[in-house]
Every structure is written in structure tokens, then in C-alpha cells.
Amino acid sequence: MENRKKVAFYTLGCKLNFSETSTIARNFSDEGFDRVDFEEVADIYVINTCSVTENADKQFKQIVKKALKNNEKAFIAAVGCYAQLKPEELVAVDGVDLVLGATEKFKITDYIHDLSKNDMGEVHSCEIEEADFYVGSYSIGDRTRAFLKVQDGCDYKCTYCTIPLARGISRSDTMENVMKNAAEISAQGIKEIVLTGVNVGDYGKGEFGNKKHEHTFFDLVQALDNVPGIERLRISSIEPNLLKNETIDFVSKSKCFVPHFHIPLQSGSNTILKKMKRRYLRELYAERVTKIREVMPSACIGVDVIVGFPGETDELFLETYNFLNELDISYLHVFTYSERDNTEAVEMEGIVPTNVRAKRSKMLRGLSVKKRRAFYESQLNTKRTVLFESENKEGYIHGFTENYVKVKTPWNPELVNTLHDIKLTKIDEDGIVRFDFINEPVFN
């Protein structure tokens, strides 16, 4: 009997990358490969790369070394955003055999005919203008929630961002295919779907290969709210200018959509927002937060923010800090600006020294801790529903409430992927919330 080849995957970056890795993994399974953990011996290692931050670029070499340590004869393939932007850099890394760009990554099994190592790796990448078709994806099987890709690419021209260069124009899955994928996820017993994409609020553009919107993001939200078997739907991240009041109102009354929004801000200074070519000013952002709080007082609101952008003086940074400090939000994701080739920002004057960037990042991370603590404290003694995750972390099982409060209780494998009504009671020393079951779980 023929030995089946083994494949392992490593994903850098965003939820969208995780959903695409899962789709690529299913393609390998269809071709007769067995998927194993990245720490195990495999015949082929596939690394899905990211180019949003400098650190993701640097990590690549370390991951290749780790794979070759597991099996020095393994075939190493790189796909994803960094593979599209700088394929020659990746293929020059010792041990890399294949680099596939934006249009080729979903056809990787077509390129895997011979797994023997070569002196020089192969590159197959396109001009990014050719990335004008859509490939649907979702992640499944490795966690209690699924990431469902509904949109790809971006038509925005933010001056710091390489995503349009790595992923191409904005385009969407068809409503029919999104619903089909959601039904497949539901059939696997998964309780929560997270909608993901590069710019999910732009959903509908390019749905049938043209630029006009056949459907809108609001249409998508309304349709998904009726998928049988799905308990929770979560919007991963949405631009403030595309998060409309009608969507906020609908989520507040929805059967499945949870009161959790992650809304990129990037800067609380209008001067910097204009230099970034963002499509809103801070006043609109504040309006969105106020609207959410009006209809969902207990909603969790997360914020992306970049520090150290060219031209960010101490005064402009303090505008951001003070704006966020006064805003009724729940946590921050803080990114330190890093120069990216082929962006407008890299040519701008007013470079912020790296030590100043680090100091500002530390200040905002401290603010995030304060904001999350205040949000968690506001939720104590309230009744919530928790969905438990599948990992045993030092004798505890963790989960998230519908409004994204992280909770923990002693490990019990029968709790995995189950929903329970709870009352939040206290915050542990590690910042995670303890609780009481409203009804003690009964297991068969």
C-alpha cells in the first residue's frame, strides 16, 4: 500500500490568511495528502506569509529553519502576501523550493509534482492586476469558530499599506456561495462564524466580476442571520465609513450577530488621517462609537491604531491618545508604523525615530489594558452566554461571551464547543474573568 504524503501548514498574519490556509489544506486532502501539525515530520511545509508588519517578514526565515529541522529533506513552499510582493527575497532563503503569488496559491497542488529538493527554488507570481477573480475560503476543524471569507482585495489607497499590491482590487464572493459555505460550516457543528476579508464593508463590489454592487454588506448581514444551526455571527473588522447605522441597528436586534465591533481608526488626529488617505475624519469615528453605545450599551468595541506615522509630532500623537482616552471603547490593537516599499508614506518627511515609536506604542498598550479592565469591570454581575474553546491552558478552559469578554473555568473537555448561560463574578489576577454557571451543565 502506497504511503500517503504528509503536509503541514504555518500561517502568519490575519484571520483572512487562516481561512485561506484551511482551503489550501482541503485541496491537499483532496489530492491524497495527510495534514499533520507543523511541529511534526512532513514531506511538504506550506508557509502562508503576511506583509502587514516588518516582524512578519522576519519571521519567515525562522519558520523555514524550524521546518527543515523537522525534516531536512522537506519541500518548502511559500504563498500569501509577502510571496506576491517580494517573491525573489523568499526564494533566496535557503531551503525554499516554491513561491506562489496571489493568483497561484490556490492552485498549489498543480505545482507539486516532484517533492525533491532543488538547488534553486521556483517562483510563479503574477502582475497584481491579474488578481481579479475570487476564490472563496473558510477555516474549519481546528477551533470552535470558523473564519468565513466573503471579500478580498482593496480599492483604497492608504499611504502606508501594501495590501492592494499584494491582493489586488476589491472583489466579493457571490451571495449564493457565501450561504453555501456558511451551511457547510454549520453542518460541521461549529457554533460561531467570523466574517473576514480585506475590506468586508465593501462586500458586493465585484460579486459577478463587475464593479457595481449586486448586493451590499447590509444585504449579506441580513441573509446570514438566517443560516440554520449557527448560534453566533461576528464581524471581524469593518471600516468606520462603511459601518452604516442600518447595520448597527440590525445587529442590535439580530438573532445571531453578536454585539462586538472591531473598527480601524489608525489615528485620532485628522492631520495624520489625511496624510494616511483614510476615508473619514475622527468626528465620524466618534459618531459610530456613540451610535453603537446608544443601541448596544454592553457592546465590545475594538480599535486598530498606528503610532509613529511620518509627520506624527508629539502634539499630534497626544491628539490620538486623548481622543482614545475619552472614547468609550473596549480595547486597542496597537501597530508601530514600519516603512513598506512601494508605498507613498515611505517617501514622506518627518520620520519618527524608532525609540519614539516604541515609547508611543507602550503608552497606547497601557491605555488598552486600562480600557479592557474598565470594560470587564462594567460587565461584572451581568448575565452572558459563553462559547468554550478547545484548548487546555494550564488546567483551564477559556471562552468568550457574546460581547467578547474572555472567561475561564477549570478544564473540562465536555465543555468544548458548548454554549452556557453564566453570571460574570470577578476578574482574576491575569485579567481574565471568572463566573458562575446559571444552570450547572449536564453532560450525557
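Here we summarise the structure given alongside this text. (Residues numbered from 1 in each chain as written. Predicted model: local features only at pLDDT ≥ 70, side-chain atom pairs only at ≥ 80, totals over all residues. Heavy atoms only, no water.)

With two bridges joining them, strand β1 (residues 6-11) and strand β2 (residues 34-35) adopt parallel strand pairing. Counted as the bridge partner of Val7 is Arg35 from β2. With respect to chirality, the unit in which β1 leads through helix α1 (residues 15-30) into the neighbouring parallel β2 is right-handed. The sheet contact formed by β1 and strand β3 (residues 44-49) spans five bridges and is parallel. Within β3, the residue paired with Ala8 across the bridge is Tyr45. (Pairing = 2+ DSSP bridges. Helix = DSSP H or I, 4+ residues; strand = E, 2+ residues; numbered from the N terminus. Right-handed = clockwise from strand over helix to strand, strands pointing away.)

Let's shift gears to the pattern of salt bridges. According to the stated counting rule, one finds 29 salt bridges in the structure shown. Across the pair Arg384 and Glu402 runs a salt bridge whose closest N-O atoms are separated by 3.8 Å. You can see Arg384 sitting in strand β16 (residues 383-393) and its partner Glu402 sitting in the loop between β17 (396-401) and β18 (406-410), a full 18 residues away along the chain. Of the residues examined, Arg384 reaches a relative accessible area of 16% and is grouped as buried. Salt bridges sharing common partners tie together Glu20, Lys105, Lys149, Asp152, Arg167 and Arg171. (Salt bridge = Lys/Arg side-chain N within 4 Å of Asp/Glu carboxyl O. Buried < 20%, exposed > 50% of the residue type's maximum accessible area, 1.4 Å probe, protein only.)

If you trace the six strands from one edge of the open sheet to the other, you get β2-β1-β3-β4-β5-β6, paired in parallel fashion. The open sheet has two free edges, formed respectively by β2 and β6 (122-124), since each of these has just one partner strand. Note that β3 and strand β4 (residues 75-80) share six bridges and pair parallel. Directly across from Ile47, in β4, lies its bridge partner Ala78. Each of β1, β2, β3 and β4 is contacted by α1, which is oriented at about 170° to β1, the strand it contacts most. (Contact = heavy atoms within 4.5 Å. Axes fitted to C-alpha atoms, helices over the stretch in contact; angles between N-to-C directions.)

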